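Inside the fold
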Amino acid sequence: MAVVQRTLETDHPAGKATLEVVVRSGRGPAIVWLGGYKSDMTSTKAAALDRWAEASGHASVRFDYSGHGVSGGRFEDGTIGRWLGEALAVIEAFAGPRPILVGSSMGGWIALLATLRLRARESPHHPAGLVLIAPAVDFTESLMWAQFPPDIRAAIETEGVWLRPSEYSPDPTPVTRALIEDGRRHLLFGKPFHLGCPVHILQGGRDPDVPAAHALTLVEHLPQDRVTLTMIPDGDHRLSRDEDIARLVAITAAMAAEND
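Since we're looking at a predicted model, the values are computed, not measured.

With respect to the secondary-structure elements, Asp225 resides in the loop between helix 7 (212-220) and strand 10 (227-232). One buried charged residue, Asp225, remains without a salt bridge, the closest side chain of opposite sign being Arg119 at 6.5 Å. Among the polar contacts made by the side chain of Asp225, one reaches the main-chain amide nitrogen of Leu195 at a distance of 2.8 Å. Among the polar contacts listed, one links the side chain of Asp225 to the backbone nitrogen of Gly196, at a separation of 2.9 Å.

Next up, the structure:
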């Protein structure tokens, strides 16, 4: 199976960007990796899924959102709407029919939004299934803004950005007013929604960033879909231990087998 590095030019009011995409040829359904907030396509989980795709003969697609990894653009110019648009463009250009979307953290929210858009369009790229790892649905509002004290909210509103210390990097993460405001246009919680495909959620019970209750809330919002929730009691947010990755690969492989 050939692996090809591709580029995709995107345009946005905040600026143009070149997305870097890695496409592995193979049989469908293609496995599409949607990474997390300030993560990239070289993460441990993404690499493990790519190795599985190679071994099993499946197609796969990995990419970096603008401002992430090796793609162009500034991270500070990113919003949920922009990254969603980029994910849709990549899926429609490279994934083929009925892919499986694997979304981690923010990528879980992006995967849900993309699925709803593709289903509404009756697109041939409407996913055959979703695998969501600690899905950070509505995180800009419920896991950021709602948790910020008044002084941080004021800094974001008046200065347009707040540099949030990160547990995963020595560099702080910019949280912009544009990110918060745009996030409000993409909120999902509040009323049920229908994806039209099976969903498997993998959630750590000791996740400090996306609480386990958040995954349960997502399940409650999907009454019409076949949803499986696998709770790992001692799991953290990343779920990157060997046993966690083995479980992720097994879940993805089982979903792919249903659609071979």
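Turning to helix 2 (residues 80-95), a few remarks are in order. Here helix 2 is 16 residues long and its end C-alpha atoms lie 21 Å apart, about the 22 Å a rise of 1.5 Å per residue gives. Of the residues making up helix 2, those classed as buried are Ile80, Arg82, Trp83, Leu84, Glu86, Ala87, Leu88, Val90, Ile91, Phe94 and Ala95.

Quick look at the nonpolar core now. One finds Leu34, Ile80, Ile110 and Leu112 to be the most contacted residues of the largest nonpolar core, which totals 53 residues. Top contributing element to this core by residue count: helix 2, with nine residues. Apart from residues lying up to four places away in sequence, Leu34 is in contact with Phe63, Tyr65, Ala87, Leu101, Val102, Gly103, Ser104, Gly107, Ile110 and Ala111. Ile31, Ile100, Val102 and Leu202 belong to the second largest nonpolar core, which has 20 residues in total.

Calculation rules
- The residue numbering used here restarts from 1 in each chain and proceeds along that chain's sequence as written.
- With pLDDT at 70 or above as the cut-off, local features in this predicted model cover only qualifying residues; side-chain atom pairs require 80 or more to be listed or tallied, and sums for whole chains, interfaces and linings still use all residues.
- Hydrogens and water molecules were not included; the side-chain quantities draw on all heavy atoms of the structure.
- Helix and strand assignments follow DSSP, with helices taken as H or I runs no shorter than four residues and strands as E runs no shorter than two, numbered in order from the N terminus.
- Using a 1.4 Å probe on the protein chains alone, a residue whose accessible area is under 20% of its type maximum counts as buried, one over 50% counts as exposed, and one in between counts as partly exposed.
- None of His or the chain ends enter the tally, which takes Lys and Arg as positive and Asp and Glu as negative.
- A side-chain nitrogen of Lys or Arg and a carboxyl oxygen of Asp or Glu constitute a salt bridge if their distance falls within 4 Å.
- Pairs of N or O atoms are called polar contacts if they sit within 3.5 Å, as long as, within protein, a hydrogen donor faces a hydrogen acceptor (for residues adjacent in sequence, only side-chain-to-side-chain pairs).
- Under the convention used throughout, the expected extent of a helix is 1.5 Å for every residue step, that is, one less than its residue count.
- The set of buried Ala, Val, Leu, Ile, Met, Phe, Trp, Tyr and Cys residues whose side-chain atoms join them within 4.5 Å is what this entry labels a nonpolar core.
- Throughout, a contact is declared for two residues whenever any of their heavy atoms are within 4.5 Å.

In short, shape yes, function no, at least from these values alone.
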